[in-house]
Amino acid sequence: MVRRSFDRATLTPLRDMPSEDALALLAIYCKPDLSFQPLKQPATRRWNVRTLVGEFEILTTGAKWYDTRAKVGGGGAIDLAMHLLQLSFVDAVRVLIVRRHPDG
């Protein structure tokens, strides 16, 4: 039987992970837009991102993220992995676990 649940110790760090760190794990190309000037949150950054699924323009502030093209956002690495790689919750968690700790 395949385990379909994860404990809190696994999920909490993924939910709290800064979006910029998650982008580094998920993207095959990720570059900040140095010309971007945030209007509301000074800490917001804009990123040009490419994954095997497509190209994205992502705004990040802490764990929160927003895709300016798809007009959707969320919080945490799991939501971001689900969006960028078009994965289910379970698959997104598995991908993040493997990429976060590739040696086991």
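Scroll up to find the structure this text is about.
Because the structure is a prediction, the values reported are computed rather than measured. (Residues numbered from 1 in each chain as written. Predicted model: local features only at pLDDT ≥ 70, side-chain atom pairs only at ≥ 80, totals over all residues. Heavy atoms only, no water.)

**Concerning the overall build of the protein**
Of the regular secondary structure elements, the protein holds 4 helices and 5 strands. For the protein, the succession of helices and strands along the chain, N to C, is α-α-β-β-β-β-β-α-α. Expected size for 104 residues packed as a compact globule is a radius of gyration near 13 Å; at 14 Å, the protein falls within 12% of this value. Taken along its principal axes, the extent of the C-alpha atoms in the protein is 50 × 25 × 25 Å. Burial statistics for the protein: of 104 residues in total, 32% are counted as buried. If you take every contact in the protein between residues at least 6 apart in sequence, the share linking residues at least 24 apart comes to 44%. Total accessible area on the protein stands at roughly 6700 Å², and carbon and sulfur atoms take up 53% of it. (Helix = DSSP H or I, 4+ residues; strand = E, 2+ residues; numbered from the N terminus. Rg over C-alpha atoms; globule rule 2.2 N^0.38 Å. Buried < 20%, exposed > 50% of the residue type's maximum accessible area, 1.4 Å probe, protein only. Contact = heavy atoms within 4.5 Å. Areas by Shrake-Rupley, 256 points an atom, 1.4 Å probe, with all protein chains shown as cover.)

**Points about the packing of helix α3 (residues 76–85) against helix α4 (residues 89–100)**
Two elements in contact, α3 and α4, have axes whose closest approach is 9 Å; the angle formed by their N-to-C orientations is 105°. Our classification of the angle between α3 and α4 gives roughly perpendicular. From α3, Ala77, Ile78, Ala81, Met82 and Leu85 reach across to α4, where they touch Phe89, Ala92, Val93, Val95, Leu96 and Arg99. Residue classes in the contact of α3 with α4 are distributed as 10 nonpolar, no polar and 1 charged. (Axes fitted to C-alpha atoms, helices over the stretch in contact; angles between N-to-C directions. Parallel < 35°, antiparallel > 145°, perpendicular 65-115°, else oblique. Nonpolar A, V, L, I, M, F, W, Y, C, P; charged D, E, K, R; others polar.)

**Here's the deal with the nonpolar core**
One finds Leu26, Val49, Ile78, Leu80, Leu84 and Leu96 to be the most contacted residues of the largest nonpolar core, which totals 21 residues. Looking at this core, the elements that each hand over two or more residues are α1 (8–16), α2 (19–26), β2 (45–50), β3 (55–61), α3 and α4. The biggest single contributor to this core is α3, with 6 residues. Beyond its immediate stretch of four places on either side in the chain, Leu84 contacts Leu23, Leu26, Val49, Thr51, Val53, Phe56 and Ile58. (Core = buried A, V, L, I, M, F, W, Y, C linked by side-chain atoms within 4.5 Å.)

**Focus: the pattern of salt bridges**
Inspection of every chain in the model, using the stated rule, returns 4 salt bridges. Between Arg46 and Asp33 there is a salt bridge; the shortest N-O distance is 2.7 Å. Note that Arg46 is positioned in strand β2 and Asp33 in the loop between β1 (29–32) and β2, a separation of 13 residues in sequence. Residue Arg46 is classed as partly exposed on the basis of its relative accessible area, which comes to 21%. One salt bridge connects Arg94 with Asp91, and the closest N-O pair in it is separated by 3.9 Å. One end of the pair is Arg94 and the other is Asp91, both in helix α4 and 3 residues apart, which spans about a single turn. When its relative accessible area of 33% is taken as the criterion, Arg94 is described as partly exposed. (Salt bridge = Lys/Arg side-chain N within 4 Å of Asp/Glu carboxyl O.)

**Some words on the pairing of strand β4 (residues 64–67)**
Burial of β4 is one-sided: the residues Trp65 and Asp67 facing one way are buried, the residues Lys64 and Tyr66 facing the other way are not. Pairing geometry for β3 and β4, over 4 bridges, is antiparallel. Among the inter-strand pairings, Ile58 is bridged to a residue of β4, identified as Asp67. Taken together, β3 and the strand that follows it, β4, pair antiparallel across an intervening segment of 2 residues, in which Gly62 is found at a positive phi of about 60°. Pairing between β4 and strand β5 (residues 72–75): 4 bridges, direction antiparallel. Within β5, the position partnered with Trp65 by the bridge is Gly74. (Pairing = 2+ DSSP bridges.)

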